[in-house]
Amino acid sequence: MPHVCDYEGSDYKTRFWQNADRAYEDAAERVAMRRLLQSSGKRIAEFGAGFGRLADLYAGYDEVILVDYSRTLLQEAMQTWGNDPRFKFVAANLYALPFAPGALSAASMIRVIHHIADVPQALAQIGNALADGATFVMEFANKRNLKAMARYAIGKQSWNPYAPEPVEFVKLNFDFHPSWMKDQLSRAGFEVKQTLPVSYLRAGFARRALPLSTMVKLDAALQNTGALYAPSVFTQNVRMGGAALVPPGGEIFVSPKSGKPLRREGDLMVCDADGTKWRVNGAFYDFKEEVE
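The structure reproduced in this document is the subject of the present report. (Residues numbered from 1 in each chain as written. Predicted model: local features only at pLDDT ≥ 70, side-chain atom pairs only at ≥ 80, totals over all residues. Heavy atoms only, no water.)

## Focus on the overall build of the chain
Next up, step 1: Along the backbone of the chain there are eight helices and 13 strands.
Next up, step 2: A compact globule built from 292 residues should have a C-alpha radius of gyration of about 19 Å, and the chain, at 19 Å, falls within 12% of that.
Next up, step 3: Along the first, second and third principal axes, the C-alpha atoms of the chain reach 60 × 35 × 35 Å.
Next up, step 4: Residues classed as buried in the chain amount to 52% of the 292 residues present.
Next up, step 5: Put simply, of all contacts in the chain between residues at least 6 apart along the chain, 68% involve residues at least 24 apart.
Next up, step 6: With an accessible surface of roughly 13100 Å², the chain has 51% of that area assigned to carbon and sulfur atoms. (Helix = DSSP H or I, 4+ residues; strand = E, 2+ residues; numbered from the N terminus. Rg over C-alpha atoms; globule rule 2.2 N^0.38 Å. Buried < 20%, exposed > 50% of the residue type's maximum accessible area, 1.4 Å probe, protein only. Contact = heavy atoms within 4.5 Å. Areas by Shrake-Rupley, 256 points an atom, 1.4 Å probe, with all protein chains shown as cover.)

## Notes on the side chain of Asn145
Next up, step 1: Checked against the element boundaries, Asn145 lands in the loop between β5 (130-141) and α5 (146-153).
Next up, step 2: Owing to a relative accessible area of 11%, Asn145 belongs among the buried residues under this scheme.
Next up, step 3: Among the polar contacts listed, one links the side chain of Asn145 to the backbone oxygen of Asn142, at a separation of 2.7 Å.
Next up, step 4: For Asn145, the residues in contact, after removing those within four places along its chain, are Tyr229, Ala230 and Pro231. (Polar contact = N/O pair within 3.5 Å; in protein donor to acceptor, adjacent residues only side chain to side chain.)

## A few points about the sheet that holds strand β1 (residues 40-47)
Next up, step 1: The 11 strands are arranged β8-β9-β5-β4-β1-β2-β3-β13-β12-β11-β10 in an open sheet whose pairing can be described as mixed. The open sheet has two edge strands with one neighbour each: β8 (190-198) and β10 (263-265). Across the sheet, the axes of successive neighbouring strands diverge by a mean angle of 20 degrees, strand direction being ignored.
Next up, step 2: Inspection of the sheet shows strand β4 (residues 104-109) paired to β5 by five bridges, in the parallel sense. Among the inter-strand pairings, Ala106 is bridged to a residue of β5, identified as Thr135.
Next up, step 3: Sheet contacts for helix α2 (residues 23-36): β4, β5, β8 and β9 (232-239); angle to β8, the most-contacted strand, approximately 150 degrees.
Next up, step 4: In the packing of helix α3 (residues 71-81) onto the sheet, contacts are made with β2 (60-68), β3 (87-91) and β13 (284-286), and the angle to β3 comes to roughly 170 degrees. (Pairing = 2+ DSSP bridges. Axes fitted to C-alpha atoms, helices over the stretch in contact; angles between N-to-C directions.)

## So, the nonpolar core
Next up, step 1: Formed by 48 residues in total, the largest nonpolar core has its most connected members in Phe47, Phe99, Ile113 and Phe136.
Next up, step 2: Going through the elements one at a time, β1, β2, β4, α4 (119-129), β5, α6 (178-187) and β12 (277-281) are the ones with two or more residues in this core.
Next up, step 3: Those residues within four positions of Phe99 in sequence are excluded, and the remaining contacts are Phe47, Ile65, Val67, Leu104, Asn128, Ala129, Ile252, Phe253 and Val254.
Next up, step 4: Counting 33 residues, the second-largest nonpolar core is a separate cluster that includes Leu36, Leu54, Leu57 and Trp81. (Core = buried A, V, L, I, M, F, W, Y, C linked by side-chain atoms within 4.5 Å.)

## A short note on the packing of aromatic side chains
How two aromatic rings sit relative to each other is given by the distance of their centres and the angle of their planes.
Next up, step 1: Tallied over the full model, the rule gives 16 aromatic pairs.
Next up, step 2: Ring centres 6.1 Å apart and planes at 20 degrees place the aromatic pair Phe87 and Phe89 in the stacked group. Take Phe87 and Phe89: they sit in the same class, and that class is buried.
Next up, step 3: On the numbers, 5.6 Å between centres and 15 degrees between planes, the contact of Phe176 with Trp180 is stacked. Assigned by exposure class, Phe176 and Trp180 land together as buried. (Phe/Tyr/Trp six-rings, centres within 6.5 Å; stacked < 30°, edge-to-face > 60°.)

Here's what the structure looks like:
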(Lines give C-alpha, C1' and ligand atoms only; values in the text may rest on other atoms or scores of the structure.)
Protein backbone atom coordinates (compact mmCIF):
# COMPACT_ATOMS: atom_id res chain seq x y z
CA MET A 1 0.00 0.00 0.00
CA PRO A 2 1.39 3.47 -0.84
CA HIS A 3 2.91 5.61 1.89
CA VAL A 4 0.50 8.05 3.56
CA CYS A 5 1.16 11.64 4.56
CA ASP A 6 0.48 11.53 8.30
CA TYR A 7 -0.49 14.63 10.30
CA GLU A 8 -0.72 12.67 13.55
CA GLY A 9 0.28 14.91 16.47
CA SER A 10 0.84 17.96 14.25
CA ASP A 11 -0.13 21.54 15.03
CA TYR A 12 -1.74 21.85 11.59
CA LYS A 13 -4.77 23.79 12.83
CA THR A 14 -2.83 26.53 14.58
CA ARG A 15 0.27 26.67 12.36
CA PHE A 16 -1.32 26.40 8.92
CA TRP A 17 -4.66 28.15 9.50
CA GLN A 18 -5.06 30.14 12.70
CA ASN A 19 -1.59 31.73 12.69
CA ALA A 20 -0.90 31.87 8.97
CA ASP A 21 -3.18 34.56 7.48
CA ARG A 22 -5.16 32.16 5.31
CA ALA A 23 -8.55 33.81 5.72
CA TYR A 24 -8.61 34.52 1.98
CA GLU A 25 -8.00 30.88 1.00
CA ASP A 26 -10.63 29.70 3.48
CA ALA A 27 -13.24 32.18 2.21
CA ALA A 28 -12.50 31.51 -1.48
CA GLU A 29 -12.79 27.77 -0.95
CA ARG A 30 -16.11 28.24 0.81
CA VAL A 31 -17.44 30.18 -2.18
CA ALA A 32 -16.50 27.27 -4.45
CA MET A 33 -17.95 24.67 -2.07
CA ARG A 34 -21.29 26.45 -1.86
CA ARG A 35 -21.45 26.61 -5.65
CA LEU A 36 -20.66 22.94 -6.22
CA LEU A 37 -22.11 21.02 -3.25
CA GLN A 38 -25.80 20.63 -2.56
CA SER A 39 -26.73 22.36 0.68
CA SER A 40 -28.66 19.36 1.99
CA GLY A 41 -28.80 15.60 1.63
CA LYS A 42 -28.81 12.22 3.36
CA ARG A 43 -25.25 11.21 4.25
CA ILE A 44 -22.02 13.05 3.43
CA ALA A 45 -18.40 12.24 4.16
CA GLU A 46 -15.46 14.61 3.98
CA PHE A 47 -12.22 12.78 3.25
CA GLY A 48 -9.21 14.40 4.87
CA ALA A 49 -11.49 16.53 7.03
CA GLY A 50 -8.76 17.24 9.55
CA PHE A 51 -9.98 19.40 12.42
CA GLY A 52 -13.36 20.00 10.74
CA ARG A 53 -12.67 23.40 9.19
CA LEU A 54 -15.43 23.05 6.59
CA ALA A 55 -17.91 20.98 8.62
CA ASP A 56 -20.36 23.86 9.05
CA LEU A 57 -21.05 23.63 5.31
CA TYR A 58 -22.76 20.27 5.90
CA ALA A 59 -25.45 21.65 8.22
CA GLY A 60 -28.23 20.52 5.87
CA TYR A 61 -27.20 16.82 5.85
CA ASP A 62 -28.88 14.16 7.96
CA GLU A 63 -25.57 12.38 8.66
CA VAL A 64 -22.05 13.80 8.51
CA ILE A 65 -18.89 11.66 8.56
CA LEU A 66 -15.50 13.32 9.01
CA VAL A 67 -12.70 11.03 7.81
CA ASP A 68 -8.99 11.52 8.37
CA TYR A 69 -5.83 9.45 8.78
CA SER A 70 -4.85 11.53 11.82
CA ARG A 71 -6.59 10.62 15.06
CA THR A 72 -5.38 13.79 16.75
CA LEU A 73 -6.91 16.05 14.10
CA LEU A 74 -10.19 14.16 14.38
CA GLN A 75 -10.09 14.64 18.14
CA GLU A 76 -9.82 18.37 17.51
CA ALA A 77 -12.85 18.12 15.20
CA MET A 78 -14.74 16.33 17.95
CA GLN A 79 -14.14 19.26 20.30
CA THR A 80 -16.23 21.39 17.92
CA TRP A 81 -18.71 18.90 16.48
CA GLY A 82 -18.79 16.00 18.92
CA ASN A 83 -22.03 17.07 20.61
CA ASP A 84 -23.94 16.99 17.33
CA PRO A 85 -25.57 13.52 17.04
CA ARG A 86 -25.43 13.70 13.23
CA PHE A 87 -21.62 13.43 13.25
CA LYS A 88 -19.32 10.42 13.12
CA PHE A 89 -15.53 10.63 13.18
CA VAL A 90 -13.59 7.97 11.28
CA ALA A 91 -9.84 7.36 11.36
CA ALA A 92 -9.03 5.49 8.16
CA ASN A 93 -6.59 5.08 5.30
CA LEU A 94 -7.83 6.57 2.03
CA TYR A 95 -6.36 3.56 0.19
CA ALA A 96 -8.49 1.13 2.25
CA LEU A 97 -11.74 2.79 3.22
CA PRO A 98 -14.24 1.10 5.57
CA PHE A 99 -17.41 2.05 3.67
CA ALA A 100 -19.98 -0.27 2.15
CA PRO A 101 -20.83 0.26 -1.53
CA GLY A 102 -23.37 3.07 -1.80
CA ALA A 103 -22.83 4.23 1.78
CA LEU A 104 -22.68 7.92 0.86
CA SER A 105 -25.01 10.29 -0.95
CA ALA A 106 -22.30 12.97 -1.20
CA ALA A 107 -18.63 13.50 -0.44
CA SER A 108 -15.94 16.14 -0.48
CA MET A 109 -12.14 16.14 -0.43
CA ILE A 110 -10.33 19.47 -0.14
CA ARG A 111 -6.54 20.00 0.14
CA VAL A 112 -5.89 16.26 0.27
CA ILE A 113 -5.19 14.71 -3.12
CA HIS A 114 -1.94 16.67 -3.52
CA HIS A 115 -0.59 14.29 -0.84
CA ILE A 116 -1.78 11.14 -2.68
CA ALA A 117 0.80 9.09 -4.57
CA ASP A 118 -1.73 6.65 -6.06
CA VAL A 119 -4.62 8.78 -7.27
CA PRO A 120 -6.43 5.99 -9.17
CA GLN A 121 -6.57 3.76 -6.10
CA ALA A 122 -7.81 6.57 -3.86
CA LEU A 123 -10.50 7.65 -6.32
CA ALA A 124 -11.61 4.03 -6.78
CA GLN A 125 -12.09 3.70 -3.03
CA ILE A 126 -14.16 6.88 -2.87
CA GLY A 127 -16.17 5.91 -5.93
CA ASN A 128 -17.06 2.56 -4.37
CA ALA A 129 -18.40 4.32 -1.27
CA LEU A 130 -20.63 6.69 -3.24
CA ALA A 131 -24.14 5.81 -4.33
CA ASP A 132 -25.26 6.12 -7.93
CA GLY A 133 -25.81 9.80 -8.75
CA ALA A 134 -23.93 11.04 -5.67
CA THR A 135 -21.98 14.30 -5.90
CA PHE A 136 -18.28 14.38 -5.07
CA VAL A 137 -16.61 17.79 -4.75
CA MET A 138 -12.83 17.59 -4.98
CA GLU A 139 -10.02 20.14 -4.99
CA PHE A 140 -6.60 19.54 -6.49
CA ALA A 141 -3.38 21.54 -6.76
CA ASN A 142 -3.05 22.75 -10.35
CA LYS A 143 0.36 22.45 -12.06
CA ARG A 144 -0.84 24.66 -14.94
CA ASN A 145 -1.07 27.80 -12.82
CA LEU A 146 0.10 31.28 -13.74
CA LYS A 147 3.13 31.31 -11.44
CA ALA A 148 4.37 27.93 -12.69
CA MET A 149 3.89 28.94 -16.32
CA ALA A 150 5.83 32.19 -15.78
CA ARG A 151 8.70 30.47 -13.95
CA TYR A 152 8.94 27.82 -16.65
CA ALA A 153 8.98 30.47 -19.40
CA ILE A 154 11.99 32.29 -17.89
CA GLY A 155 13.89 29.11 -17.02
CA LYS A 156 13.50 29.20 -13.25
CA GLN A 157 11.53 25.94 -13.13
CA SER A 158 12.60 22.63 -14.65
CA TRP A 159 9.26 20.83 -14.80
CA ASN A 160 6.79 21.57 -17.58
CA PRO A 161 3.42 22.90 -16.35
CA TYR A 162 1.79 21.92 -19.65
CA ALA A 163 2.80 18.25 -19.52
CA PRO A 164 -0.09 16.02 -18.42
CA GLU A 165 1.69 13.84 -15.85
CA PRO A 166 1.71 14.84 -12.14
CA VAL A 167 4.81 16.47 -10.67
CA GLU A 168 6.09 15.65 -7.17
CA PHE A 169 7.91 18.86 -6.23
CA VAL A 170 8.41 17.80 -2.58
CA LYS A 171 8.00 14.27 -1.22
CA LEU A 172 4.25 13.44 -1.15
CA ASN A 173 3.36 16.87 -2.52
CA PHE A 174 1.97 16.71 -6.05
CA ASP A 175 0.60 19.16 -8.60
CA PHE A 176 -1.76 17.87 -11.29
CA HIS A 177 -2.77 18.93 -14.78
CA PRO A 178 -6.55 19.50 -15.11
CA SER A 179 -6.87 17.19 -18.13
CA TRP A 180 -4.99 14.38 -16.37
CA MET A 181 -7.18 14.68 -13.28
CA LYS A 182 -10.36 14.74 -15.39
CA ASP A 183 -9.23 11.49 -17.01
CA GLN A 184 -8.58 9.86 -13.63
CA LEU A 185 -12.02 10.88 -12.37
CA SER A 186 -13.63 9.42 -15.48
CA ARG A 187 -11.75 6.14 -15.04
CA ALA A 188 -13.03 5.97 -11.43
CA GLY A 189 -16.66 6.22 -12.57
CA PHE A 190 -17.24 9.96 -12.23
CA GLU A 191 -18.64 12.46 -14.71
CA VAL A 192 -17.08 15.89 -14.24
CA LYS A 193 -19.89 18.43 -14.28
CA GLN A 194 -18.17 21.68 -13.30
CA THR A 195 -14.65 22.98 -12.70
CA LEU A 196 -13.77 26.21 -10.89
CA PRO A 197 -10.38 27.94 -10.64
CA VAL A 198 -9.86 29.07 -7.03
CA SER A 199 -7.38 31.23 -5.09
CA TYR A 200 -5.91 33.30 -7.91
CA LEU A 201 -4.88 36.00 -5.40
CA ARG A 202 -2.59 34.05 -3.07
CA ALA A 203 0.42 36.24 -3.87
CA GLY A 204 1.66 38.43 -1.04
CA PHE A 205 1.24 41.69 -2.94
CA ALA A 206 -2.51 41.06 -3.31
CA ARG A 207 -2.87 40.50 0.43
CA ARG A 208 -1.01 43.73 1.13
CA ALA A 209 -2.93 45.80 -1.41
CA LEU A 210 -6.50 44.57 -1.06
CA PRO A 211 -8.94 44.12 1.84
CA LEU A 212 -10.17 40.57 2.41
CA SER A 213 -13.73 41.31 1.26
CA THR A 214 -12.46 42.65 -2.07
CA MET A 215 -10.18 39.66 -2.58
CA VAL A 216 -13.05 37.25 -2.01
CA LYS A 217 -15.35 39.13 -4.41
CA LEU A 218 -12.66 39.13 -7.08
CA ASP A 219 -11.99 35.42 -6.58
CA ALA A 220 -15.71 34.66 -6.86
CA ALA A 221 -15.80 36.53 -10.17
CA LEU A 222 -12.67 34.78 -11.46
CA GLN A 223 -14.17 31.41 -10.57
CA ASN A 224 -16.95 32.17 -13.04
CA THR A 225 -14.49 32.52 -15.92
CA GLY A 226 -13.62 28.82 -15.89
CA ALA A 227 -10.02 29.71 -16.82
CA LEU A 228 -8.13 26.91 -15.08
CA TYR A 229 -4.87 28.75 -14.35
CA ALA A 230 -5.33 29.25 -10.59
CA PRO A 231 -3.26 27.28 -8.06
CA SER A 232 -6.34 25.31 -7.01
CA VAL A 233 -9.09 23.72 -9.09
CA PHE A 234 -12.39 22.56 -7.63
CA THR A 235 -14.39 19.92 -9.49
CA GLN A 236 -18.01 18.82 -9.15
CA ASN A 237 -18.27 15.15 -10.07
CA VAL A 238 -21.24 12.79 -10.23
CA ARG A 239 -20.87 9.08 -9.52
CA MET A 240 -22.15 7.06 -12.45
CA GLY A 241 -23.22 3.43 -12.05
CA GLY A 242 -22.67 3.16 -8.31
CA ALA A 243 -24.62 1.02 -5.87
CA ALA A 244 -27.96 2.06 -4.42
CA LEU A 245 -27.74 4.31 -1.37
CA VAL A 246 -27.62 2.45 1.93
CA PRO A 247 -30.89 3.48 3.64
CA PRO A 248 -31.03 5.34 6.98
CA GLY A 249 -30.18 2.92 9.78
CA GLY A 250 -28.42 0.54 7.37
CA GLU A 251 -24.87 -0.62 7.99
CA ILE A 252 -22.49 1.74 6.23
CA PHE A 253 -19.21 0.27 7.52
CA VAL A 254 -17.33 -2.80 6.31
CA SER A 255 -13.90 -4.21 7.07
CA PRO A 256 -11.28 -2.10 5.27
CA LYS A 257 -9.22 -5.26 4.88
CA SER A 258 -11.74 -7.43 3.04
CA GLY A 259 -14.81 -5.26 2.41
CA LYS A 260 -16.93 -7.79 4.30
CA PRO A 261 -19.70 -6.93 6.81
CA LEU A 262 -19.01 -5.95 10.41
CA ARG A 263 -20.98 -6.56 13.58
CA ARG A 264 -20.87 -4.57 16.78
CA GLU A 265 -19.45 -6.31 19.85
CA GLY A 266 -19.13 -3.88 22.75
CA ASP A 267 -16.51 -1.30 21.81
CA LEU A 268 -15.42 -3.28 18.75
CA MET A 269 -16.54 -3.72 15.17
CA VAL A 270 -15.84 -7.35 14.27
CA CYS A 271 -15.57 -8.97 10.84
CA ASP A 272 -16.30 -12.69 10.97
CA ALA A 273 -15.11 -13.16 7.39
CA ASP A 274 -11.53 -11.94 7.85
CA GLY A 275 -11.19 -12.02 11.63
CA THR A 276 -10.37 -8.33 12.02
CA LYS A 277 -11.48 -6.15 14.93
CA TRP A 278 -11.71 -2.36 14.96
CA ARG A 279 -12.11 -0.01 17.90
CA VAL A 280 -15.21 2.15 18.45
CA ASN A 281 -15.59 4.79 21.16
CA GLY A 282 -18.89 6.61 20.97
CA ALA A 283 -18.96 8.42 17.63
CA PHE A 284 -15.25 7.75 16.99
CA TYR A 285 -14.50 4.79 14.70
CA ASP A 286 -10.85 3.74 14.43
CA PHE A 287 -10.17 1.85 11.19
CA LYS A 288 -6.56 2.97 11.04
CA GLU A 289 -5.17 -0.11 12.76
CA GLU A 290 -6.62 -3.49 13.71
CA VAL A 291 -7.12 -4.44 17.35
CA GLU A 292 -4.89 -7.40 18.19
